[in-house]
There are 2 protein chains.
Amino acid sequence: MDPRVEEHAEVLVDWSARIEDGDNVVLSVGPDAHELAVAVAEKVGERGANLHTTYASGEVGRAYSLAHDGDFDEDPAHELALYENADVVLSIGGGRNTSEGSDVPPETRTARGKAREQIREARMDTDWVSTVHPTRSLAQQANMSYAEYQDFAYDAILRDWETLADEMANMKDVLDAGSEVRIVKEGTDLTMNIENRVAVNSAASVAYDSHNLPSGEVFTAPEATEGEVFFDVPMTIRGERVQDVHLTFEDGEVVEYSAAQNEEVVGDILDTDAGAKRLGELGIGMNRGIDQFTDSILFDEKMGDTVHLALGRAYGSNFPEGHEDEANDSTVHVDMITDMSEDSRIEVDGEVVQRNGTFRWEDGFEE
Amino acid sequence: MDPRVEEHAEVLVDWSARIEDGDNVVLSVGPDAHELAVAVAEKVGERGANLHTTYASGEVGRAYSLAHDGDFDEDPAHELALYENADVVLSIGGGRNTSEGSDVPPETRTARGKAREQIREARMDTDWVSTVHPTRSLAQQANMSYAEYQDFAYDAILRDWETLADEMANMKDVLDAGSEVRIVKEGTDLTMNIENRVAVNSAASVAYDSHNLPSGEVFTAPEATEGEVFFDVPMTIRGERVQDVHLTFEDGEVVEYSAAQNEEVVGDILDTDAGAKRLGELGIGMNRGIDQFTDSILFDEKMGDTVHLALGRAYGSNFPEGHEDEANDSTVHVDMITDMSEDSRIEVDGEVVQRNGTFRWEDGFEE
């Protein structure tokens, strides 16, 4: 076994999920993620935790959804009970075809998502962590050879997370103290209110309210968004290639949208529910182990010198205790990314915190 | 997709498990059983049932068990809750190496089994069905080419189950009316009491209290076993090849045992608990679609003109309503098979019901 697979498992179980003796763990395994699943099972066993393994196959999900009449039962009791009694949910993505969901009608997908709200909430109440095993299909999505992609993925995942967490604390401090964020670049001049929000130092660990491996971003939950934003990083949403999305906000809601490719996907998302027209997340990518876009949101949104915004659901972790229910509600959470490495700036309360991809606390930052 | 995969899925969902709208289904998928899982997911969706898919990997289970200190938590709440809220559990076996469990110490396996008694009971309280997807690993175990093995497996699985159920009803009638069964062949002269038991016409459907696909046997729960029995069909138990097992019973319990190969496996089983020394099942194989031994208990024990006996746990379905708790209790249920095609007879209350592989109601039976 590639020693990096073992290291990945160790980071996931110990740093990210902090699994302990007696924890009830659900491990979700993609069809090509078997090797990592074996390594993770070993670590979970070593910790004395209890393992239940689920199979996350796009082909199985597609076959089921397409055959169903679309009137899905709400929160089936067996699956709800599983997650309500789980302490940790580890999801290891890694299928054989990233386009497998492309012919499931959006309304079917939305109906299934809406029918599973309590299950999703129960899952998110656990110490959940999502990661991927580098597969050939993800290499293809990234337009890389398999070996090259493995190097890329492990560079992003096997970081010194403690050091990165210290760096990111600077950004968290700025956001926690600030009231208004402004992002400026070509096609973009967007202001968002972040008063009374708690920025999350997303250091790939539940101990930091961070649930992705890799992570390496600081995120908060904006509101009262005004202005326009241009997402120049191409991505695949719901199996479709979406490029050059442009959104205009008024009073916190999207009032105009366009895209150079598959614009209707954006329209479908916005039509999901009221919350889908508002932002649920502003994230600032700070993982410089990620040095190229690979058409995978898990990696792309963490890349150093990018900003991403999500339409839809906000995370309760961005709100002070007792105010989690003020988070924007939606069945969707769709991230879109803009490159901030050139001709750009991020301002907080009128002060520049990043210019042309360099943070204020870094060498080379020009006042 | 091989049309037989679709047919297999249809038999499993409709004939075997009788899945209906709103049923909460757990589908357990072996690592090489993906294709059948996709076909089953489609049928489950068509019926409007709710699908939760689990991953049954021998490698994952081995890694977990070997790394664990062996002091397993009892019935982890998340998994117990899943099965307690499930209506149907479909298990599709099909791994990549039937020997994967061979280096898990028997005491670890036993400890894990004992720690999961409530989970197993909850699972068995559902309409559960076990089947296998014909894989290359099973073909190897059977010493067959893959294509030959597929033909073999589908001949056994895709039968006219209604017609076979009618045939098997003859055998059930004999056993239900009888008090004592005697089996006689070389090295074998065994008598068992079956009074007040309910024989199960195991026609591969929960509607017949039958939980295997393929099935094709009539089984009951014997007691007060006396005499000796020789199992000449070789099989793999707990990853080890076991041959020519000979057991001697007194007062219903094994008092002597021997085997030509891996005798210690038999000893380990007998030492599990008190119930492991008693019989939990007498089964009479009647599926003539199975015409050779393939070292897989699911198929071998159903073969026409064989008898199998299981050490350990009995099925509640063999007892009159309200008397299910009289069933022999054990954490194990290990089947062993003897070939009845030649120089043999089965008697019930002194009357021969099968001689040299021919039943009383068949052509060629000699009084």
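Description of the structure in this document. The model shown is predicted, which means the values in this text are computed figures rather than measured ones.

All names here are of chain A. Read across the open sheet, the 8 strands follow the order S13-S12-S9-S6-S5-S17-S18-S19; overall the sheet is antiparallel. Two strands bound the open sheet, and with one partner strand each, they are strand S13 (253-258) and strand S19 (358-359). Bridge analysis of strand S5 (residues 180-185) against strand S17 (residues 345-348) gives 4 bridges, and the strand direction is antiparallel. Paired with Arg182 across the strands is Glu347, a residue of S17. In the packing of helix H10 (residues 263-270) onto the sheet, the strands contacted are strand S12 (245-250) and S13, and the crossing angle to S13 comes to about 165 degrees.

Turning our attention to the relation of the copies chain B and chain A. In this structure, two copies of a chain are linked by a rotation about an axis accompanied by a shift along it. Laying chain B over chain A is done by rotating through 180 degrees and shifting 0.0 Å along the axis; what remains is an RMSD of 0.0 Å. Both copies of the chain, as the preceding transformation shows, are related through a two-fold rotation axis. Within chain B, the C-alpha atom positioned nearest to the axis of rotation is that of Thr54 of chain B, 1.9 Å from it. Mapped onto chain A, 100% of the interface residues of chain B again fall at the interface, so both copies present the same surface.

Taken residue by residue, the interface counts 39 residues in chain B and 39 residues in chain A. Between the two partners, chain B and chain A, sit 0 salt bridges. Here chain B is connected to chain A by 15 residue pairs in polar contact (both at pLDDT 80 or more). Among the secondary structure elements, those contributing two or more residues to the side of chain B that touches chain A are strand S1 (24-29), helix H2 (34-46), strand S2 (50-55), helix H3 (58-67) and helix H4 (77-84) of chain B. Ranked by the residues each element gives to the side of chain B that touches chain A, the list is headed by H2 of chain B, at 8 residues. For the side of chain B that touches chain A, the per-class residue count stands at 19 nonpolar, 13 polar and 7 charged.

What counts and how
- Residues numbered from 1 in each chain as written.
- Chains lettered and ligands numbered in written order.
- Predicted model: local features only at pLDDT ≥ 70, side-chain atom pairs only at ≥ 80, totals over all residues.
- Heavy atoms only, no water.
- Pairing = 2+ DSSP bridges.
- Helix = DSSP H or I, 4+ residues; strand = E, 2+ residues; numbered from the N terminus.
- Contact = heavy atoms within 4.5 Å.
- Axes fitted to C-alpha atoms, helices over the stretch in contact; angles between N-to-C directions.
- Least-squares fit on C-alpha atoms with pLDDT ≥ 70 in both.
- Salt bridge = Lys/Arg side-chain N within 4 Å of Asp/Glu carboxyl O.
- Polar contact = N/O pair within 3.5 Å; in protein donor to acceptor, adjacent residues only side chain to side chain.
- Nonpolar A, V, L, I, M, F, W, Y, C, P; charged D, E, K, R; others polar.

Such coordinate-based values are descriptive only and should not be taken to indicate function.
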